[in-house]
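# Secondary and tertiary structure notes
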Amino acid sequence: MSPERKATIMSEEQIKNLEKQFEERIARDEKIEPKDWMPEKYRKTHIRQMSQHAHSEIVGMLPEGNWITRAPSLRRKVALLAKVQDEAGHGLYLYSATETLGISRDEMYEQLHTGKAKYSSIFNYPTITWADMGAIGWLVDGAAIINQVPLCNTSYGPYARAMIRVCKEESFHQRQGFEIMLKLSNGTPEQKEMAQDALNRWWWPALMMLGPTDAESVHTEQSMKWKLKRKSNDDLRQQFIDQTVPQADILGLTIPDPDLKWNEERGSYDFGEINWDEFWQVVKGHGPCNKERMKARVGAWERGEWVRDAAMAYAEKSQERKKKQVI
Amino acid sequence: MSTKNWPLWEVFVRSKNGLEHRHFGSLHAADADMALENARDVYTRRNEGVSIWVVESKNITASNPEHNGEMFEPAQDKVYRHPTFYDLPDEVKHM
Ligand SMILES: [Fe+2]
Ligand SMILES: [Fe+2]
């Protein structure tokens, strides 16, 4: 009998009991594996978060894909290509980890393509100059690392294992971005200006990427218990700012926040008000590139259909042929 | 809509000779050859392996964690399978 079927005929008390044991296992730092009993809410929450994470990796390829053919040198081109390929890999690790929770790959694609599932709002901003490749690697991958490192210890085994692999690969992404920024910052005045402009445009969206303020964040408490989160959004954001400001100093660039100031007492930077209206507008689909991203994604899926079908037909034919040869 | 979806495959990678193949994850592919190629691109982009196995997921029979009691408990009370079960005087060396 499948775990789900069994759940339906269990008494409420039995379920409560199982849930208690389940929470205790997680509190003891035990991992949950795909076939283990789990509360429906745990399954659903993980499907939501993990698939959104996978979607973000996949859609995240689009803004950078925009510059692969126009990279300024072969060195930059192979690096960007490898970086974008890694993001595809991250999406695939995460999709297959999510499938272990009983949702199919097709259902997940369907949710993304119909707009039912979300992806990180940052990928709805345009990449208008080469410096954006630098700013994305430095800031967007930088913020992603801060988000992802704690997930290497999350309670769901397949998610934790996928994140360990992802985190190992992210450091190259951030370094290649920073190197682009460094080169531009030390280049001609126009190049430096280009780097500054990219920082101006990506700084605030990168801060928003770490999620709504703690006061507005709905899932935090439960997520902390399940180790889907280990630090609050505001703490992660502060960590990101504190480690990024000195990096901007090295570049000789100015962070576009007049309120940014070192706070001796807190041992952290104070920073200005984030425009959360903008964040929610983008989340709701009204960012500068939401439509373009979905169009590109759905288009790629639809244009690839004949290839998927042909590969399947070929596989079936070869199978048939092999069977005949055996007889 | 595609007529048929690519099946799911489990990927096992030997990191280097001398080590066993270890489960790395899974992926979708139309057939075994494609599964191998995709596994190379998805799981070994940085020399993580010297050998890959792919197995269609539906061919794996897995034990059910709900039956872990019957399945694994019988080994629990068999302490005599461990060297520490045997009482020997301290003078006995190399054993
Ligand atoms: Fe990634
Ligand atoms: Fe990345």
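Just above sits the structure.
Read on for a plain summary of the structure. Within each chain, residues carry numbers counting from 1 in the order of the written sequence. Note on labels: chains are lettered from A, ligands numbered from 1, in written order. At least 70 in pLDDT is required for a residue's local features to be given in this predicted model, at least 80 for side-chain atom pairs to be given and counted, and no such filter applies to totals for whole chains, interfaces and linings, which use all residues. Calculated side-chain values reflect all of the structure's heavy atoms, with hydrogen atoms and water omitted.

### Let's talk about the overall build of chain A
In terms of helices and strands, chain A carries 14 helices and two strands. Viewed in the frame of its principal axes, chain A has a C-alpha envelope of about 70 × 55 × 35 Å. Buried residues are those whose accessible area, probed at 1.4 Å on protein chains only, stays under 20% of the maximum for their type, while exposed residues exceed 50% and partly exposed ones sit between those limits. Within the span of chain A, comprising 327 residues, buried residues form 50% of the whole. Pairs at least 24 apart in sequence give 76% of the contacts found in chain A among residues at least 6 apart. Summed over its atoms, the accessible surface of chain A is roughly 16,800 Å², and 55% of this surface lies on carbon and sulfur atoms. We treat Lys and Arg as the positive residues and Asp and Glu as the negative residues; His and chain ends play no part in the count. Charge positions come from single atoms, namely NZ of Lys, CZ of Arg, CG of Asp or CD of Glu. Charge centroids of chain A, computed over 47 positive and 48 negative side chains, lie 7 Å from each other. A run of DSSP states H or I qualifies as a helix once it reaches four residues; a run of E qualifies as a strand once it reaches two. Both are numbered from the N-terminal end. Contact definition: two residues touch when any of their heavy atoms are within 4.5 Å. Per-residue accessibility takes into account occlusion by the displayed protein chains alone, with areas from the Shrake-Rupley method and a 1.4 Å probe.

### Some thoughts on the environment of Thr45(A)
Residues and elements named next belong to chain A. By the secondary structure assignment, Thr45 is in helix 3 (residues 40-59). What Thr45 contacts, discounting residues up to four positions off in sequence, is Trp226 and Leu228. Of note is the side chain of Thr45, whose polar atom sits 2.6 Å from the backbone oxygen of Lys41. Here a polar contact is taken to be a pair of N or O atoms separated by no more than 3.5 Å, where protein atoms must pair a possible hydrogen donor with a possible acceptor and residues adjacent in sequence count only if both atoms sit in side chains.

### With respect to the coordination of the iron ion (ligand 2)
All names here are of chain A. Atoms of type N, O and S within 2.8 Å of a metal are treated as its donors, and for Na, K and Ca the window is 3.2 Å; water is not considered, so some sites may appear to be missing partners. Ligation of the iron ion (ligand 2) by protein atoms is provided by Glu87 (OE), Asp141 (OD), Glu170 (OE) and His173 (ND1), these donors lying 2.0 to 2.2 Å from the ion. Irregular is the default label, applied whenever a site is not tetrahedral (four donors, all angles between 85 and 135 degrees) and neither square planar nor octahedral (four or six donors, opposite donors over 155 degrees apart, all other angles between 65 and 115). For the iron ion (ligand 2), the four donor atoms in the first shell make angles of 84 to 171 degrees at the metal, a pattern classed as irregular. Counting the intervening residues between successive donors of the iron ion (ligand 2) yields the motif E-x53-D-x28-E-x2-H. Separating the iron ion (ligand 2) from the iron ion (ligand 1) is a gap of 3.4 Å, which Glu87 spans by donating to each of them. Placement of Asp141 in helix 7 (residues 131-148) and of Glu170 in helix 8 (residues 157-185) is noted, with a sequence separation of 29 residues between them. Note on accessibility: Asp141 and Glu170 belong to one class, buried.

### Re the nonpolar core
Counting residues in hydrophobic clusters, the biggest one holds 92 residues, and the most contacted among them are Leu139(A), Trp202(A), Trp203(A), Phe240(A) and Leu27(B). Look past the residues within four positions of Trp203(A) in its chain and what remains in contact with it is Leu139(A), Phe240(A), Ile241(A), Thr244(A), Ile255(A), Pro256(A) and Asp257(A). In plain words, nonpolar cores are sets of buried Ala, Val, Leu, Ile, Met, Phe, Trp, Tyr and Cys residues tied together by side-chain atoms within 4.5 Å.

### Let's talk about the pattern of salt bridges
Working definition: two side chains of opposite charge can pair if their charged atoms are close together. A carboxyl oxygen of Asp or Glu within 4 Å of a side-chain nitrogen of Lys or Arg is what we treat as a salt bridge. For the structure shown, the criterion picks out 27 salt bridges over all chains. A salt bridge links Arg28(A) to Glu30(A), with the shortest nitrogen-to-oxygen separation between them at 3.0 Å. Among the residues examined, Glu30(A) registers a relative accessible area of 31% and is labelled partly exposed. The salt bridge involving Asp86(A) is made with Arg45(B); its shortest N-O contact spans 2.8 Å. Of this pair, Asp86(A) sits in helix 5 (residues 74-99) while Arg45(B) sits in the loop between helix 1 (32-43) and strand 3 (51-56), each in a different chain. Where salt bridges share partners, they join Arg25(A), Arg28(A), Glu30(A) and Asp36(A) into one cluster.

### A look at the coordination of the iron ion (ligand 1)
Residues and elements named next belong to chain A. For the iron ion (ligand 1), the full set of protein donor atoms is Glu57 (OE), Glu87 (OE), His90 (ND1) and Glu170 (OE), and the range of their distances to it is 2.1 to 2.5 Å. Around the iron ion (ligand 1), the four donor atoms are arranged such that angles at the metal cover 81 to 157 degrees; this shape is classified as irregular. Within one chain, the residues donating to the iron ion (ligand 1) are spaced in sequence as E-x29-E-x2-H-x79-E.

### Overview of the interface of chain A and chain B
Each partner contributes residues to the interface: chain A has 24 residues there, and chain B has 23 residues. Summed over both partners, the accessible surface that disappears when two parts come together, traced with a 1.4 Å probe, is what is meant by buried area. Looking only at chain A, the three residues that lose the most surface to chain B are Lys35(A), Arg165(A) and Met312(A), adding up to 24% of its buried area. At the surface where chain A touches chain B, the tally comes to five salt bridges. When the shortest N-O distance is used, the salt bridge between Arg46(B) and Glu169(A) registers 3.3 Å. Our count for the chain A to chain B interface comes out at eleven residue pairs in polar contact (both at pLDDT 80 or more). Secondary structure elements with two or more residues in the side of chain A that touches chain B: helix 1 (3-8), helix 5, helix 6 (105-113), helix 8 and helix 14 (305-326) of chain A. Per-element tally for the side of chain A that touches chain B: the top contributor is helix 14 of chain A, with eight residues. Counted by class, the side of chain A that touches chain B contains eight nonpolar, three polar and 13 charged residues. Any residue that is not Ala, Val, Leu, Ile, Met, Phe, Trp, Tyr, Cys, Pro, Asp, Glu, Lys or Arg is counted as polar, Gly included; the first ten are nonpolar and the last four charged.

### Things to note about unusual backbone geometry
Negative phi values dominate among residues other than glycine, just as trans dominates among peptide bonds. All names here are of chain B. Although it is not a glycine, Asn47 sits at a positive phi angle of roughly 60 degrees. Within the element layout of this structure, Asn47 appears in the loop between helix 1 and strand 3. The phi dihedral of His94 is positive, around 55 degrees, even though this residue is not glycine. In this fold, His94 is placed in the segment after helix 2 (68-72).

### Section: the side chain of Lys83(A)
All names here are of chain A. Considering the arrangement of structural elements, one finds Lys83 in helix 5. Residue Lys83 is classed as buried on the basis of its relative accessible area, which comes to 1%. A distance of 2.7 Å separates polar atoms of two side chains, one belonging to Lys83 and the other to Glu64.

### Focus: the sheet that holds strand 1 (residues 8-14) of chain B
Residue and element names in this part refer to chain B. Read from one edge of the open sheet, three strands run 2-1-3, paired in antiparallel fashion. Only two strands of the sheet have a single neighbouring strand rather than two, namely strand 2 (21-28) and strand 3. Going across the sheet, the axis of each strand differs from the next one's by a mean of 25 degrees, ignoring polarity. In this description, strands pair whenever DSSP reports at least two bridges between them. Pairing of strand 1 with strand 2, which is carried by seven bridges, proceeds in the antiparallel orientation. Paired with Leu8 across the bridge in strand 2 is His28. As a rule, the C-alpha atoms of each element are fitted with a line to give its axis, helices using only the stretch in contact, and angles between N-to-C directions run from 0 to 180 degrees. Most of the contacts of helix 1 go to strand 2, to which it runs at about 110 degrees, and overall it touches strand 1, strand 2 and strand 3.

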